[in-house]
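Chain residues, written in single-letter form:
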Amino acid sequence: MEPAMIVLFGSTGDLTRRKLIPALYNLHRKGQLHACTPIVAVGRKPFTDGSFFEHLQTDDFLKNADQTELERFLKRIKYLHLDISSTDPASLKDAIEGLERQYSCGKNKLFYLALPPQIFGSIARLVKPLKGDDGWQRVVFEKPFGQDTSSAEELNKTISEVFQEDEVFRIDHYLGKASVQNILSFRFSNALFEKAWRKEDIERVEIVAAESVGVGTRAGYYDKTGAVLDMVQNHLLQLLSLVAMEPPSSLESDDIRDQTVKVIESLRLGSWRRAQYVAGSGKKGYREEDGVAPDSDTETYASLELFVDSPRWQGVPFILTTGKRMQARHAEIKVFFRRNGLYEHAKMNLLTIRLQPDEGIAFRFNARDPETGELDQVDMDFCHPCHFGPNTAEAYEALLAEVIRGSRTLFTRWDWLLASWKFIDGVVEEKPTLESYPAGKDGPEKR
Ligand code: BG6
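Bear in mind that the values here come from a model prediction, so they are computed numbers and not experimental data.

(A) Representation of the site of the ligand within the structure. Taken together, Lys143, His173, Tyr174, Lys177, Glu211, Arg218, Asp230, Met231, His235, Lys324, Arg329 and Gln356 make up the full set of residues near the ligand. One of the side-chain nitrogen or oxygen atoms of His173 is found 2.8 Å away from an oxygen atom of the ligand. Within the side chain of Glu211, one N or O atom sits 2.5 Å away from an oxygen atom of the ligand. Among the elements that make up the shell around the ligand, the one with the highest residue count is helix α11 (residues 226-244) (3 residues). Partitioning the shell around the ligand into residue classes produces 2 nonpolar, 3 polar and 7 charged.

Dropping the structure here:
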C-alpha cells in the first residue's frame, strides 16, 4: 500500500480502541501497511504517547498481541493533544505539517472522523487548510449519516464544502465483512445461480440480522434512533442492494455502485411491523434499560416487506428483519426458489448465505431416501473459515485497506445514501403500532 499519514479524530473513543487500532495493528502485522504510515491520534484528553498506549491496551485484542510486533506498531502512533472545539485551523496545520516533516512520508493523508456527525463541520473547517495539490487527501466517517433526508443533505453539504465525492469514504461496516463481499462474487461467477436469479425462479428473499445483545450503554443514541434507522437504512438495505442489483457493466467501483443505487430507487414498501423487547429470559425489558425513557416508543425490532419494482423482481417479496435481544446473533440471506417439476412433495430449494457467525453458503435440495423412496431435504454446505482459514480480515481491516488503496466499492456513495433516506422517510411516515416481544425470543408473535 502507498505511504500515507492516518489522522484519527476521536482517538480516545470506543471505536478507535475496539476496532480501528486493532485493524491497523493487523494490517501492520501482515506487512500490508507501508513502513511510512504514521498514525496521528488526535484527542482532547491530556494523554502522552505512553498513557495513550496504556489506554489502548485495555482492549483484550492488543493485550494478546505479539509484544515485539506490538512495540514496532506503537512506534507508528503519535498522540496529538488538541481540543478541536477551540483549536484554530492554523495550529492544527502547523502540528500536522511538523509531523509530516518529521516522518518524511509524503503528503497523502487519510482523515478518520471517529466522532459524532455534529462535529464534522468543525473538523472539515480545521482540515481545509491541510488540503493541497500534493498527494491525496481522503476523509472517512460513518453513520449516522443523518436521521432523515434533510439532515443527511445538510451533513453532506458540510463535508462536500471541503472534500470532493471521490475523496469521501462513508463506512458501512457490513460491506467490509468477507461474507458480504462474497455476495457479488457468488452471484456473478456462478452461472447456475446467475441464471435463476429472477422472479420466474425465486419466490421470496429473506434478509435477517438478529442480535442477542440489548441496547447496552448506547441508549442515548439508540432511543432516538431505533431499529429502522440503526440497521435497516444502512446495513440491511446494502445487503438488499447486493442481492437484487443487476449485473454491473464491469467490476469497477462506480459501475457496481450505479447498479446498487438503482435497486434503492426502485424500492416499494409493502408493509412493516415494529416491536420492542420486554423483560424475558432473565433480561430487562428495553424500557428498564439505563438511559431509556420509561414510555419510549422506539422499536428494537423491525420487519419490512419490500418490493423491488424492476422487471427482474416484480412481485417478489424481500423481507428484511432485524432486532436486538433476540434468541441468537446471526445474520443471513435466504433465497427461496420456486417449486418445480414432477414430484408433488418436492420442497423448495433454499440457498442460505450465512453472513455471521458461521460464514458460509448452504444449498438445500431434494434427494430420494433409499429406504422409503420418498423425497428428503439435504444440504450442500460451504464453510467459509474451514476453506479459507479462520483469520479472514475483520471488516475494519478490509475497509481501512481499501481506503488506502483508493478503492471505493465498499463505501456508500452519496446518491445511494440519498435514495435510501428518501425511501426510509416513507417507511417512518407509515409507522405501525408498536408491538412487543420477550427478550430472548425472535420478535413478536407471527401473524
Ligand atoms: C451497528 C449498529 O451499525 O451495527 C449496532 O449501530 C449494531 O446497533 C451493529 O449492534 C451490529 O453489527 P454486527 O457487525 O455486530 O452485526
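(B) View of the layout of surface pockets. A volume near 540 Å³ is recorded for the second largest pocket. Forming the walls of the second largest pocket are 18 residues, and the residues nearest its centre are Tyr301, Ser303, Ile319, Thr321 and Lys446. Counting residues per element, the ones that place at least two in the lining of the second largest pocket are β7 (202-210), β9 (301-308), β10 (317-323) and β11 (330-337). Take the lining of the second largest pocket: its biggest share by element is 4 residues, from β7.

(C) Seen up close, the pairing of β7. Alignment of β7 against β11, held across 8 bridges, turns out to be antiparallel. Bridged to Glu206 within β11 is Lys334. Judged from the 6 bridges that link them, β7 and β10 form a sheet pairing that is parallel. Across the sheet, the residue bridging to Glu206 is Ile319, located in β10.

(D) Inspection of the side chain of Glu100 at higher detail. Within the secondary structure, Glu100 sits in helix α5 (residues 89-103). Using a relative accessible area of 8% as the deciding quantity, one classes Glu100 as buried. Residue contacts for Glu100: discarding those within four places in its chain leaves Met5, Cys105, Gly106, Lys107 and Lys109.

(E) Highlighting the sheet that holds strand β1 (residues 5-9). If you trace the 6 strands from one edge of the open sheet to the other, you get β3-β2-β1-β4-β5-β6, paired in parallel fashion. The two strands at the open ends of the sheet, each matched to only one other strand, are β3 (77-81) and β6 (168-171). In this sheet, neighbouring strand axes are inclined to one another by 20° on average, regardless of whether the strands run parallel or antiparallel. With 4 bridges joining them, β1 and strand β2 (residues 39-43) adopt parallel strand pairing. Paired with Ile6 across the two strands is Ile39, which belongs to β2. Here helix α2 (residues 49-56) sits on the sheet and contacts β2 and β3; the angle it forms with β3, its principal contact strand, is near 110°.

Cut-offs used in this document
- Residues numbered from 1 in each chain as written.
- Predicted model: local features only at pLDDT ≥ 70, side-chain atom pairs only at ≥ 80, totals over all residues.
- Heavy atoms only, no water.
- Near = heavy atom within 4 Å.
- Polar contact = N/O pair within 3.5 Å; in protein donor to acceptor, adjacent residues only side chain to side chain.
- Helix = DSSP H or I, 4+ residues; strand = E, 2+ residues; numbered from the N terminus.
- Nonpolar A, V, L, I, M, F, W, Y, C, P; charged D, E, K, R; others polar.
- 1 Å grid on protein atoms, 1.4 Å probe; cavity = no way out; pocket = protein on both sides within 12 Å on 5 of 7 lines; lining within 4 Å.
- Points joined across faces, edges and corners; volume = space filled by probe spheres on them.
- Pairing = 2+ DSSP bridges.
- Buried < 20%, exposed > 50% of the residue type's maximum accessible area, 1.4 Å probe, protein only.
- Contact = heavy atoms within 4.5 Å.
- Axes fitted to C-alpha atoms, helices over the stretch in contact; angles between N-to-C directions.

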